[in-house]
Amino acid sequence: MNEALSRRLFEMSRLMELLGEDSFRASAHARAARAVEAMTDDVAEVAADRARLLAIDGLGPKTADKVIEFVRTGAIAEHAEFLSRVPPGLPELMDIPGLGPKTLRLIWQSAGVTDLSSLRKALAEGTLVGLPRLGEKSVEKIRQSVEFYVSQRASGADGTGRLPLGVAMPIAERVVSYLGSVATGATIAFAGSLRRGKETIGDIDILAAPRTADEGKALTAAFTSMPGVVGIISSGPTRSSVRVAPVEASSRWGIDPSRASVGVQMDLKIVPPDSWGAAMMYFTGSKEHNVAMRERARARGMTLNEYGLFPDDDPDGKKKPPHNRGVVPIASKSESEVFAALGLAYLPPECREDQGELALAGTPELIRIEDIRAELHAHTTASDGRLSIIELVERAKERGLHVIAVTDHSRSSAVAGGLSIERLVEHVEAVREVASKVEGITVLAGSEVDILADGSLDYPDDVLGWLDVVVASPHAALSQDPQTATRRLVRAIRHPMVNVLGHPTGRQILRRPGLPADMAAVYAAARECGVALEINTHWIRLDLRDTHVRGAVEAGCLLAINSDVHEASDFENLRYGVMTARRGGLAADRCVNAWPRERLLEWLGSKRGGRRVPSAGPIARGRPL
DNA sequence: GCCGTTTTCGGCCCGACTGTTTTCAGTCG
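Keep in mind it's a predicted model, so treat the numbers as computed, not measured. (Residues numbered from 1 in each chain as written. Chains lettered and ligands numbered in written order. Predicted model: local features only at pLDDT ≥ 70, side-chain atom pairs only at ≥ 80, totals over all residues. Heavy atoms only, no water.)

Our focus in this paragraph is the overall build of chain A. A count of helical and extended segments in chain A gives 23 helices and 16 strands. Relative to its length of 625 residues, chain A is compact, with a C-alpha radius of gyration of 27 Å against a globular reference of 25 Å. Its C-alpha atoms put chain A at 85 × 60 × 50 Å along the principal axes. Burial statistics for chain A: of 625 residues in total, 53% are counted as buried. (Helix = DSSP H or I, 4+ residues; strand = E, 2+ residues; numbered from the N terminus. Rg over C-alpha atoms; globule rule 2.2 N^0.38 Å. Buried < 20%, exposed > 50% of the residue type's maximum accessible area, 1.4 Å probe, protein only.)

The structure is reproduced here in structure tokens:
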């Protein structure tokens with residue numbers, strides 16, 4: 001409901017822009033859409049009390065009534081009215097970079113462009129050249145943008161042109177390292193939604209502070225000519241934008257190799273070293289967070305831009321920007337400095353989304369990568385992993401973990417080599433054999449047990465009783481209706497031997513939505529039963545997602561951050577899971593993977609009749625526990 | 001259409017880059 005309504009409001013905002021309505025009204029609707037998106041409660045429930053809606057920042061009398069209308073009728077009359085005035089294929093064209101509402105409106109009303117195909121036709125026939133403010137060059141830029149957009153749609157999994165976090169991050173790191181080799185004295189880092197840990201990335205922002213002007217020029221030259229650049233969108237002394245394509249996508253996740261290349265826009269911003277903090281803050285965003293920060297600065301008689309926080313000596317905006325007039329900034333060198341000068345504690349990038357973070361009294365206590373000491377979800381060659389038991393254990397040890405759980409697939413996951421009961425017995429004994437030999441790490445024998453469509457588990461209870469840890473996960477039947485999905489997950493959580501609910505919704509980013517369960521019911525059951533909800537760290541999953549983590553944290557749940565290890569490199573995904581956890585406000589004490597060893601083992605044992613975990617020795621076959 | 005450490009009415013973030021312009025509009029982040 002929240003998501004559907006938020007989308008509807010965003011659409012209204014977009015349609016208003018296209019129709020040339022008051023731009024402030026349009027942005028008010030976009031703000032309302034974000035407010036609804038950020039709600040952790042079900043909007044249907046909140047809307048029962050109009051005063052509660054009005055108390056939400058960004059919702060006023062008019063938008064609150066539209067929310068109520070949507071909750072009651074499933075539609076907003078004004079939305080339908082806007083929709084009837086715009087050709088159906090037009091709004092999507094706003095996704096094309098460089099094509100904004102004004103230009104789109106112009107070519108719609110003056111050149112009859114109504115959708116992608118008529119736009120391409122108009123470009124091919126040259127009918128756009130000569131319209132007001134549209135010369136040869138502008139039209140050529142639009143043409144290139146459209147072709148790039150079309151190729152992205154053809155190659156991307158869903159046509160949004162966004163890259164998963166885990167695809168974008170390594171690219172950004174390669175570019176940062178490459179630019180660092182060009183300008184050895186420069187400070188270089190990535191910013192943007194990548195630094196905030198969003199699950200998908202629209203473009204990659206790189207920030208550089210060279211020591212000299214020559215170094216800056218060298219950086220720009222290197223950036224615009226680096227391998228993979230297929231087009232330069234713009235390039236100036238302080239900013240350059242390029243299109244990079246193609247980029248290898250992962251084949252392991254079943255993306256068709258012939259389509260396994262996606263392009264991405266990359267921006268380089270060059271700033272003076274003294275502005276590093278203000279620039280980092282500015283280019284990290286989010287946009288909405290920045291707006292809130294600048295408003296706060298203004299309210300305090302200051303003005304904030306990417307060069308620093310300045311005294312506001314020019315309220316009318318008549319003069320040149322302060323940094324061009326030699327005004328000395330109040331703060332600029334570090335982000336902490338700027339936050340402090342605005343009366344704020346340091347806010348980590350992951351919480352800069354304008355979702356109430358400016359009202360926080362201090363820096364939120366968020367989990368860090370180094371807090372993670374246990375991995376509770378890992379596969380070996382026994383099912384679909386690539387590591388043997390001992391290899392897995394050694395990799396875990398190298399990473400400083402004190403607990404590693406071997407949790408291969410259960411029998412229903414046939415394509416993933418799920419273990420029959422007989423094979424499970426052998427496997428558990430093999431794991432215990434390894435556990436008895438290695439030192440410095442506790443090795444647990446467990447299973448990632450399928451949650452069947454009706455919520456029952458894939459092994460009988462006596463078999464589950466042999467194990468040290470049970471991760472119960474949905475793998476099939478992911479298209480259930482909300483009621484069935486909720487019943488299914490809650491039933492699995494209530495099973496007395498389940499420790500962790502693995503990738504709870506089964507969603508895959510840009511690929512499939514996952515179970516539409518009532519998450520509030522899932523949180524409530526998990527809290528009551530002491531079951532940890534997993535944040536699966538693989539960048540194709542990140543399940544729970546950030547908003548779900550926030551809901552679970554607010555509901556008082558335990559969470560697990562697991563890398564669902566299938567090969568050694570999967571341990572590297574941990575950072576994406578931790579970023580997602582931080583976006584949801586998770587602190588270390590609520591994350592079972594961050595607990596001291598004994599506390600973790602005791603918690604696991606509480607679901608195994610309180611017996612000591614790990615068990616040692618052979619399984620007493622045929623004797624139900 | 002929202003909102004108030006300057007405002008209950010009149011504002012509403014800031015700067016860079018580009019192209020079509022002799023002073024600025026559109027777009028982006």
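Segmenting chain A into domains produces domain 1 (1-85), domain 2 (98-154), domain 3 (163-270), domain 4 (278-359) and domain 5 (369-608). Each of domain 1 and domain 2 has a C-alpha centre, and these two points are 30 Å apart. Domain 1 puts five residues into the contact, and the matching count from domain 2 is four residues. Regarding the contact of domain 1 and domain 2, the summed buried area is about 390 Å², with carbon and sulfur atoms giving 67% of it. The tally of links between domain 1 and domain 2 comes to zero salt bridges. Taken together, the connections running from domain 1 to domain 2 amount to two residue pairs in polar contact (both at pLDDT 80 or more). Per-class residue counts for the side of domain 1 that touches domain 2 are two nonpolar, one polar and two charged. (Domains from an automatic or database assignment. Contact = heavy atoms within 4.5 Å. Buried area = accessible area lost by both parts, 1.4 Å probe. Salt bridge = Lys/Arg side-chain N within 4 Å of Asp/Glu carboxyl O. Polar contact = N/O pair within 3.5 Å; in protein donor to acceptor, adjacent residues only side chain to side chain. Nonpolar A, V, L, I, M, F, W, Y, C, P; charged D, E, K, R; others polar.)

Along helix 20 (residues 519-529), the residues that are buried comprise Met519, Val522, Tyr523, Ala525, Ala526 and Cys529. Considering only its buried residues, helix 20 is in contact with helix 19 (482-494), strand 14 (500-501), strand 15 (532-536) and helix 21 (546-555). Between the side-chain oxygen at the start of helix 20 and the backbone nitrogen of alanine 520 there is a gap of 3.1 Å, and the oxygen is on aspartate 518. Directly beyond the C-terminal end of helix 20, a positive phi value near 70° is found at glycine 530.

With that settled, the discussion passes to the sheet that holds strand 11 (residues 403-409). With respect to topology, seven strands assemble into an open sheet ordered 10-11-12-13-14-15-16, the strand pairing being parallel. Looking at the sheet topology across the chains shown, the edges are occupied by strand 10 (374-375) and strand 16 (558-562). Of the pairings in the sheet, the one linking strand 15 to strand 16 comprises five bridges and is parallel in character. Within the sheet, the bridge partner assigned to isoleucine 535 lies in strand 16 and is isoleucine 561. (Pairing = 2+ DSSP bridges.)

Between helix 1 (residues 2-18) and helix 2 (residues 23-38), the least distance of the axes is 8 Å, while the angle of their chain directions is 170°. Here helix 1 is positioned roughly antiparallel relative to helix 2, judged by the angle of their axes. In this structure, helix 1 crosses over helix 2, and the sense of that crossing is left-handed. Contacts between helix 1 and helix 2 involve Asn2, Leu5, Ser6, Leu9, Phe10, Met12, Ser13, Met16 and Glu17 from the first element and Arg25, Ala26, His29, Ala30, Ala32, Ala33, Arg34, Val36 and Glu37 from the second. Within the contact of helix 1 with helix 2, the residues separate by chemical class into ten nonpolar, four polar and four charged. (Axes fitted to C-alpha atoms, helices over the stretch in contact; angles between N-to-C directions. Parallel < 35°, antiparallel > 145°, perpendicular 65-115°, else oblique. Left-handed = near helix turned anticlockwise from the far one by under 90°.)

Another aspect to go through is unusual backbone geometry. In this structure, the amide linkage connecting aspartate 543 to the following residue, leucine 544, adopts the cis form with an omega of 5°. Following the sequence through the fold, leucine 544 ends up in the loop between strand 15 and helix 21. Here valine 613 and proline 614 are connected by a cis peptide whose omega angle stands at 5°. Within the secondary structure, proline 614 sits in the segment after helix 23 (597-605). For arginine 133, which is not a glycine, the phi torsion comes out positive at approximately 65°.

Once that is clear, we can look at the confidence of the model for chain A. In the predicted model, chain A carries a mean pLDDT of 88, and the fraction of residues at 70 or more is 93%. Per-residue pLDDT stays below 50 along residues 248-261; that stretch engages in 23 contacts with residues further than four places along the chain or on separate chains. (pLDDT = per-residue confidence, 0-100.)

Quick look at the packing of helix 2 against helix 5 (residues 61-73) now. Each pair of packed helices can be described by the angle between their axes along with the distance between the axes. Taken N-terminus to C-terminus, the directions of helix 2 and helix 5 make an angle of 55°; their axes are 11 Å apart at the nearest point. When the axis of helix 2 is compared with that of helix 5, the two are oblique. The handedness of the crossing between helix 2 and helix 5 is right-handed. Listed contacts from helix 5 to Arg25, His29, Ala32 and Val36 of helix 2 are Thr63, Lys66 and Val67.

A full pass over the atoms with the stated rule returns 39 salt bridges. Close ionic contact of glutamate 572 with arginine 399 constitutes a salt bridge, the shortest N to O distance being 3.3 Å. Here glutamate 572 is found in the loop between strand 16 and helix 22 (574-583), whereas its partner arginine 399 is found in the loop between helix 16 (389-398) and strand 11, with 173 residues between them in sequence. The shortest N-O distance in the salt bridge between arginine 491 and aspartate 454 comes to 3.6 Å. On the criterion of sequence distance, the pair formed by arginine 491 in helix 19 and aspartate 454 in the loop between strand 12 (442-450) and helix 18 (461-464) is long-range, its members being 37 residues apart. With relative accessibility at 43%, the residue arginine 491 sits in the partly exposed group. Via salt bridges that share partners, Glu21, Arg25, Lys66, Glu78, Glu81 and Arg85 belong to a single interconnected network.

Further remarks concern the protein's contact with DNA strand B. Looking at DNA strand B, there are 54 residues lining it, with Thr103, Arg133, Gly135, Tyr282 and Arg294 nearest. Within 4 Å of the protein, the contacting atoms of DNA strand B are drawn from sugar and phosphate to the extent of 71%. Here a phosphate oxygen of DNA strand B sits 3.5 Å away from a polar atom, N or O, in the side chain of histidine 323. A breakdown of the residues in the surface near DNA strand B according to their chemical character gives 17 nonpolar, 17 polar and 20 charged. (Near = heavy atom within 4 Å.)

A few words now on the side chain of histidine 79. Here histidine 79 lies in helix 6 (residues 77-84). Exposure remark for histidine 79: the relative accessible area of 6% places this residue in the buried category. Other than its neighbours up to four places away in sequence, histidine 79 contacts Arg8, Glu11, Met12 and Leu15.

Within the fold, glutamate 92 resides in the loop between helix 6 and helix 7 (101-111). Note on glutamate 92: relative accessible area 28%, which makes it partly exposed. Sequence separation between glutamate 92 and alanine 64 is 28 residues, and the spatial gap between their C-alpha atoms is 27 Å.

What follows is about the nonpolar core. Membership of the largest hydrophobic core comes to 67 residues, with the highest contact counts inside it found for Ile367, Leu533, Ile561 and Leu586. In contact with isoleucine 561, other than residues within four places in its own chain, are Ile367, Ile372, Ala374, Ile535, Thr537, Leu574, Gly577, Val578, Ala581, Leu586, Cys591 and Asn593. Judged by nonpolar contacts, the second largest core, of 46 residues, contains Leu9, Ile76, Ile107 and Leu116. (Core = buried A, V, L, I, M, F, W, Y, C linked by side-chain atoms within 4.5 Å.)

Quick look at the pairing of strand 11 now. By the criterion of burial, strand 11 is predominantly enclosed, with seven of the seven residues buried. A crossover connection joins strand 10 to the parallel strand 11 through helix 16; in handedness this β-α-β unit is right-handed. For strand 11 and strand 12, the ladder comprises seven bridges, and the chain directions are parallel. Opposite aspartate 408, over in strand 12, you have serine 447 as the bridge partner. As for the winding sense of the linkage, the β-α-β connection from strand 11 through helix 17 (residues 421-437) to strand 12 is right-handed. (Right-handed = clockwise from strand over helix to strand, strands pointing away.)

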